[in-house]
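# Observations on the three-dimensional arrangement
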Amino acid sequence: MTSLAKRLLALAALVALPAFPQGTPRPAPAPDAKAKAAALRVQRFYEHARNFSARFAQTSTYPTFGNVKQARGKVYLAKPDRLRWEYDDGRLIVLDGKALWNWNAEDKEATVHRGFGASQVPAEFAFLFGKGTLLDRFSVRETQAAPGLPEGETLDLVPRKPSPDVQKLVLVAAPDGQVKASVVTNSQGDTNQLVFTEVKVDGPLPDSIFRFEPPKGAHVTELK
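Residues numbered from 1 in each chain as written. Predicted model: local features only at pLDDT ≥ 70, side-chain atom pairs only at ≥ 80, totals over all residues. Heavy atoms only, no water.

## Some remarks on the pattern of salt bridges
- Tallying each qualifying case throughout the model produces 10 salt bridges.
- Put simply, Arg 141, Asp 156 and Lys 168 are held in one network by salt bridges that share partners. (Salt bridge = Lys/Arg side-chain N within 4 Å of Asp/Glu carboxyl O.)

Below is the structure:
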């Protein structure tokens, strides 16, 4: 899985379903219907939101090697095709609509894949940019939240087409639909957990956030 795919896979957020008039009893939906309704709230967010930003705390677990890695940072996404994934330690991923940049500040190394746009984002993650349909890509059911994750409605999503990169995606959502956490599991059992805080939707995001110029003296590798 590419670095971009790993980051995109973990993102999700918020919208509410149409409200019932006050005093009107709410029908108790069947479990599958309730889970699908929650997935549709996520879908609608990405269809209507112009942009969002959030702080994240990331925990990556690799059972085969017994490794656990933790990191923090901030993510910005602006439709139709821009993304900035910024780690507090200086690592950076920028999708500017024309190229995908990966920057390692410690080694002063950058890689760039020119001509990379939202159309090349894996199909499972296209909904993040308002493309595709979440329920077309995944089957969904309610599940129990794992220890250590925020409280909220927890959805278990499994790709309808088998994928070694995405065995399962878990989303923890607030009542308004905002996703507070996500956990991705691949076919090897590795997990990538993200917990989101300080989420802002449709706020001002200057174009400069989505630009990257390698600093003087950096080593740049062009990917094909």
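## Thoughts on the packing of aromatic side chains
- Inspection of the entire model under this criterion finds 4 aromatic pairs.
- Ring centres of Phe 56 and Trp 85 lie 4.5 Å apart, and the angle between their planes is 25°; this geometry places the pair in the stacked category. With a gap of 29 residues between them, Phe 56 in strand S1 (residues 51–62) and Trp 85 in strand S3 (residues 82–87) connect regions that are remote in the sequence.
- Assessed through its relative accessible area of 2%, Phe 56 is described here as buried.
- Residue classification places Trp 85 among the buried residues on the basis of a relative accessible area of 0%.
- Between Trp 103 and Phe 212, the ring centres sit 5.8 Å apart and the planes meet at 45°, which makes this aromatic pair tilted. Placement of the pair is Trp 103 in strand S5 (residues 99–104) and Phe 212 in the loop between strand S11 (191–201) and strand S12 (219–223), with a sequence separation of 109 residues.
- Using a relative accessible area of 11% as the deciding quantity, one classes Phe 212 as buried. (Phe/Tyr/Trp six-rings, centres within 6.5 Å; stacked < 30°, edge-to-face > 60°. Helix = DSSP H or I, 4+ residues; strand = E, 2+ residues; numbered from the N terminus. Buried < 20%, exposed > 50% of the residue type's maximum accessible area, 1.4 Å probe, protein only.)

## Focus on the nonpolar core
- Phe 56, Trp 85 and Leu 157 are the most contacted members of the largest nonpolar core, which totals 34 residues.
- It is helix H2 (residues 31–48) that contributes the most residues to this core, 6 residues altogether.
- When neighbours within four sequence positions are excluded, Leu 157 is seen to be in contact with Leu 134, Phe 138, Ser 139, Val 140, Lys 168, Leu 169 and Leu 171.
- Membership of the second largest hydrophobic core comes to 8 residues, among which are Leu 92, Val 94, Ala 99 and Trp 103. (Core = buried A, V, L, I, M, F, W, Y, C linked by side-chain atoms within 4.5 Å. Contact = heavy atoms within 4.5 Å.)

## Here's the deal with the sheet that holds strand S4 (residues 92–95)
- Strand order in the open sheet formed by 12 strands is S7-S8-S9-S10-S11-S1-S2-S3-S4-S5-S6-S12, with mixed pairing between adjacent strands. Edge positions in the sheet fall to strand S7 (138–142) and S12, since each has one partner strand and no second. Each strand of the sheet is rotated relative to its neighbour by a mean of 20°, with strand direction disregarded.
- Bridging between S1 and S11 involves 9 bridges; their strand directions are antiparallel. From the neighbouring strand, Ser 53 faces S11, where its bridge partner is Lys 200. (Pairing = 2+ DSSP bridges. Axes fitted to C-alpha atoms, helices over the stretch in contact; angles between N-to-C directions.)

## Some remarks on the side chain of Asn 186
- Looking at the secondary structure, you find Asn 186 in the loop between strand S10 (179–185) and S11.
- Given the relative accessible area of 15%, Asn 186 is considered buried.
- One polar contact links the side chain of Asn 186 to the main-chain amide nitrogen of Asp 190, over a distance of 3.0 Å.
- When neighbours within four sequence positions are excluded, Asn 186 is seen to be in contact with Pro 164, Asp 165 and Gln 167. (Polar contact = N/O pair within 3.5 Å; in protein donor to acceptor, adjacent residues only side chain to side chain.)

Shape is all these values report; function is a separate question.
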